[in-house]
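Notes for the structure review
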Amino acid sequence: MYDWLDSALHDSSQVITASRRLARVLRKEYAAQRVSAGDTVWPTPVIQAWTDWMADLISTHGDQKSLPTVITAHQSRILWERCLRREISDPLLNIGMLARQSRDAWSRLQEWRVSVAECQRHARNRDQRLFAAAANNYQSILEREFWVDEPGIANVAIKLISEKSVAIPKRLTLAGFDRVSPLLQ
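Let us look at the structure shown here.

**Thoughts on the pairing of strand E2 (residues 46–49)**
Of the strand pairs in this sheet, strand E1 (residues 14–17) and E2 are connected by 4 bridges, and their pairing is parallel. Counted as the bridge partner of Val15 is Ile47 from E2. Taken together, E1, helix H2 (residues 20–36) and E2 constitute a β-α-β crossover, and its handedness is right-handed.

**Considerations on the nonpolar core**
Looking at soluble globular proteins, one finds that nonpolar side chains tend to be buried together. By size, the foremost hydrophobic cluster in this structure holds 20 residues, and its most contacted members are Leu79, Trp80, Leu84, Trp106 and Tyr138. Where this core is concerned, the elements lending two or more residues are helix H4 (73–87), helix H5 (95–111), helix H6 (116–122) and helix H7 (126–145). Counting residues per element, this core draws most heavily on H7, at 8 residues. Excluding residues that lie within four positions of it along the chain, Leu79 makes contacts with Ile71, Tyr138, Ile141, Leu142 and Trp147. Ranked by size, the runner-up nonpolar core spans 14 residues in total, among them Met54, Leu57, Ile153 and Ala154.

**Quick word on the state of the cysteines**
Scanning the model with the defined rule gives 0 disulfides in all. A disulfide-free cysteine, Cys83 has its sulfur positioned 14 Å from the sulfur of Cys119, the nearest such atom. On the basis of relative accessibility, which here comes to 0%, the residue Cys83 falls in the buried class.

**Observations concerning the packing of aromatic side chains**
Under the criterion given, the structure shown has 6 aromatic pairs. Judged by centre distance (6.0 Å) and plane angle (20 degrees), the rings of Trp50 and Trp53 are stacked. Here Trp50 and its partner Trp53 are both found in helix H3 (residues 50–59), 3 residues apart, which amounts to about one turn of the helix. Judged by its relative accessible area of 8%, Trp53 is buried. Seen from their ring centres, Trp80 and Phe131 are 5.8 Å apart, and the 10 degrees between their planes marks the pair as stacked. With a gap of 51 residues between them, Trp80 in helix H4 and Phe131 in helix H7 connect regions that are remote in the sequence.

**Considerations on helix H8 (residues 153–162)**
Owing to its 3.6 residues per turn, the α-helix aligns residues three or four sequence positions apart on the same side. Taken together, the buried positions of H8 are Ile153, Ala154, Val156, Ala157 and Leu160. Around the axis of H8, the buried residues are gathered within 160 degrees of arc, so they sit on the same side.

**Focus on H4**
Along its 15 residues, H4 runs 21 Å from first to last C-alpha, staying within 8% of the 21 Å computed at 1.5 Å per residue. Buried within H4 are the following residues: Ser76, Leu79, Trp80, Glu81, Cys83 and Leu84. In the core, the buried residues of H4 are packed alongside H5, H7 and strand E4 (147–148).

**With respect to the side chain of Ser76**
For Ser76, the position within the fold is in helix H4. Looking at Ser76, the relative accessible area reads 3%, which means it is buried. A polar contact is formed between the side chain of Ser76 and the side chain of Arg103, at a distance of 3.2 Å. Excluding residues within four positions of it along the chain, Ser76 makes contact with Ile71, Arg103, Tyr138 and Asp149.

**Observations concerning the packing of H5 against H7**
Contact geometry of H5 with H7 gives a least axis separation of 11 Å together with a crossing angle of 75 degrees. Of the possible angle classes, the one that applies to H5 and H7 is roughly perpendicular. Along the contact surface, H5 presents Ser102, Ala105, Trp106 and Leu109, while H7 presents Phe131, Ala135, Tyr138, Gln139 and Leu142. When its residues are assigned to classes, the contact of H5 with H7 shows 7 nonpolar, 2 polar and no charged.

What counts, and at which threshold
Residues numbered from 1 in each chain as written. Predicted model: local features only at pLDDT ≥ 70, side-chain atom pairs only at ≥ 80, totals over all residues. Heavy atoms only, no water. Pairing = 2+ DSSP bridges. Helix = DSSP H or I, 4+ residues; strand = E, 2+ residues; numbered from the N terminus. Right-handed = clockwise from strand over helix to strand, strands pointing away. Core = buried A, V, L, I, M, F, W, Y, C linked by side-chain atoms within 4.5 Å. Buried < 20%, exposed > 50% of the residue type's maximum accessible area, 1.4 Å probe, protein only. Contact = heavy atoms within 4.5 Å. Disulfide = S-S within 2.5 Å. Phe/Tyr/Trp six-rings, centres within 6.5 Å; stacked < 30°, edge-to-face > 60°. Arc of directions from axis to C-beta. Expected span 1.5 Å × (residues − 1). Polar contact = N/O pair within 3.5 Å; in protein donor to acceptor, adjacent residues only side chain to side chain. Axes fitted to C-alpha atoms, helices over the stretch in contact; angles between N-to-C directions. Parallel < 35°, antiparallel > 145°, perpendicular 65-115°, else oblique. Nonpolar A, V, L, I, M, F, W, Y, C, P; charged D, E, K, R; others polar.

Now the structure itself:
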């Protein structure tokens, strides 16, 4: 089923997957292929989920102090709640649920490389304007505090790659992505 795996990992190449689960499956499959080929030892292949690969890539940067501090999903949710409360005064509104939805929307904006300014320009109704205002506040806090959330890690990695501050392999194989977003591209 994964006949392509051996050639994808040839010569220090790496496989980047859409999920951790697929990475585990591919590592197990690669080991099975090596065993069936009669190998008793082999180099550990680099098969990682996209998020883990980016984090590892960033960790190879020589000057870690020059990089923003990564905030957790929990910290991000709390920050979103604070930003939304600044925009919404309704005490009956479920801010926790709205924060989760806002984090998901923020993640999509990052994935499709849509700026907050563009989001604000195209906001047509009250809910869209409210989200755009909260997103602007959220982004301002991240920038001011020199923080980055999980969706923003890819932008840090892209910057380091473009500056040639980190080394990337000559060949990367993507597996399990149902679409290639502008960020992934």
